[in-house]
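The lines below spell out each chain.
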Amino acid sequence: MTEENDLPAEVALLWGLRDTARRGRKPSLTVADITRAAVEVADADGIGAVSMAKVAERLGNATMALYRHVKSKNDLLLLMADAAIGPAPALPEGLEWRAALTVWVRGVLDALREHPWVVHLPISGPPVGPNNLSWFDRALGALGDSGLSEDSKVGVVMGLLTYVQGEARLSTDLAAGYQENPEAFGRQYGRALAAVVDPERFPALSKLVASGVFDADVPYDEEVDGLFGLNLYLDGVAALIERTTR
């Protein structure tokens with residue numbers, strides 16, 4: 001907890017409440033400046049390149065100057081994760097819950113793919129930053145007239161967040177792999193599996209290979225693959241809503 005307002009330290013940090021507790025001359029360096037520079041470093045060189053020294057160098061400041069505003073690299077990563085996702089846009093009016101959540105998921109994925117390093121950051125708790133909470137709020141709002149209870153809405157959204165995190169990471173990594181070696185996603189993969197898959201040890205996988213699924217070189221399409229998984233999840237949500245409102 002912070003001494004000033006009894007808020008958890010990470011909440012005070014993400015909402016800028018640490019700065020408001022200070023009085024006196026306006027500082028030449030702010031938390032927002034530091035966060036912006038750190039995001040720029042990560043975008044340019046990857047999350048592994050981010051350090052307090054590297055960010056200070058980008059800002060033209062001494063490293064110790066950063067610690068007066070951001071106490072640790074872990075704090076910096078929290079700030080970066082919230083800044084990179086950006087504020088959630090309003091969902092189009094008049095959409096039923098399924099269409100609204102589909103728009104929401106695409107928006108989150110677009111934001112994460114713009115800063116692909118975000119999905120490699122550790123997640124240690126529920127969303128608390130202003131930008132992440134704005135996305136949380138939009139998704140809850142999309143379920144407003146669904147008939148679900150408030151706790152069920154939270155469960156649906158948290159499940160969607162799990163899907164989005166996994167989809168963003170997999171699609172980014174797989175798209176890079178496909179660009180490097182597209183043949184590894186089609187016939188080449190099928191031939192490799194056929195050579196090592198024993199029908200007695202891997203009966204289901206052997207049946208899949210024999211069906212010819214991998215006989216053609218089909219371009220990897222992250223949008224098509226992602227929508228298939230999303231629609232399966234939303235079908236489950238639809239079944240939950242039907243049971244709840246029956």
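Residues numbered from 1 in each chain as written. Predicted model: local features only at pLDDT ≥ 70, side-chain atom pairs only at ≥ 80, totals over all residues. Heavy atoms only, no water.

Draft legend 1. Spatial organisation of the pattern of salt bridges. Applying the stated criterion across every chain, the model contains six salt bridges. The shortest N-O distance in the salt bridge between D235 and R98 comes to 2.8 Å. Taken together, the residues span a long stretch of sequence, with D235 in helix α12 (residues 222-245) and R98 in helix α7 (residues 97-114) at a distance of 137 residues. With relative accessibility at 41%, the residue D235 sits in the partly exposed group. Judged by its relative accessible area of 21%, R98 is partly exposed. In this structure, R138 engages D137 in a salt bridge whose closest nitrogen and oxygen atoms are separated by 3.5 Å. A relative accessible area of 46% places D137 in the partly exposed class. (Salt bridge = Lys/Arg side-chain N within 4 Å of Asp/Glu carboxyl O. Helix = DSSP H or I, 4+ residues; strand = E, 2+ residues; numbered from the N terminus. Buried < 20%, exposed > 50% of the residue type's maximum accessible area, 1.4 Å probe, protein only.)

Draft legend 2. Broad picture of the layout of surface pockets. The volume enclosed by the largest pocket comes to roughly 850 Å³. Lining the largest pocket are 29 residues; nearest its centre among them are A81, I123, G125, P127 and N132. Those elements that provide at least two residues to the lining of the largest pocket are α1 (9-14), α6 (73-85), α7, α8 (130-142) and α9 (150-180). Considering every element that reaches the lining of the largest pocket, the biggest residue donor is α6, with six residues. (1 Å grid on protein atoms, 1.4 Å probe; cavity = no way out; pocket = protein on both sides within 12 Å on 5 of 7 lines; lining within 4 Å. Points joined across faces, edges and corners; volume = space filled by probe spheres on them.)

Draft legend 3. Examining the environment of G129 more closely. The residue G129 is located in the loop between α7 and α8 in this model. Along the backbone, G129 and G60 are 69 residues apart, and their C-alpha atoms lie at a distance of 27 Å. Setting aside anything within four residues of it in sequence, one finds G129 in contact with L14, W15 and D82. (Contact = heavy atoms within 4.5 Å.)

Draft legend 4. Quick peek at the nonpolar core. In terms of nonpolar packing, the biggest core is built from 54 residues, with L76, M80, L101 and W104 touching the most fellow members. With nine residues, α7 is the largest single contributor of residues to this core. Setting aside its immediate chain neighbours within four residues, W104 contacts L91, W135, R138, A139, L160, L161 and V164. (Core = buried A, V, L, I, M, F, W, Y, C linked by side-chain atoms within 4.5 Å.)

Draft legend 5. Representation of a nonpolar patch on the surface. Taken together, F202, L205, L208 and V213 make up a surface patch of nonpolar side chains, about 300 Å² in accessible area. In this structure, V213 sits in the loop between α11 (203-210) and α12. (Patch = residues over 30% accessible without salt bridge, like charges linked within 9 Å, V, L, I, M, F, W, Y side chains within 5 Å. Areas by Shrake-Rupley, 256 points an atom, 1.4 Å probe, with all protein chains shown as cover.)

Draft legend 6. Local environment of the packing of α7 against α8. Where α7 meets α8, the axes come as close as 8 Å, and the angle between the chain directions of the two elements is 160 degrees. Accordingly, the angle class assigned to the pair α7 and α8 is roughly antiparallel. α7 and α8 meet at a crossing whose hand is left-handed. Taken together, the residues of α8 that come into contact with α7 (itself represented by W97, A100, L101, W104, G107 and V108) are W135, R138, A139 and A142. Its residues assigned to classes, the contact of α7 with α8 shows eight nonpolar, one polar and one charged. (Axes fitted to C-alpha atoms, helices over the stretch in contact; angles between N-to-C directions. Parallel < 35°, antiparallel > 145°, perpendicular 65-115°, else oblique. Left-handed = near helix turned anticlockwise from the far one by under 90°. Nonpolar A, V, L, I, M, F, W, Y, C, P; charged D, E, K, R; others polar.)

The values are spatial; any link to function lies outside them.
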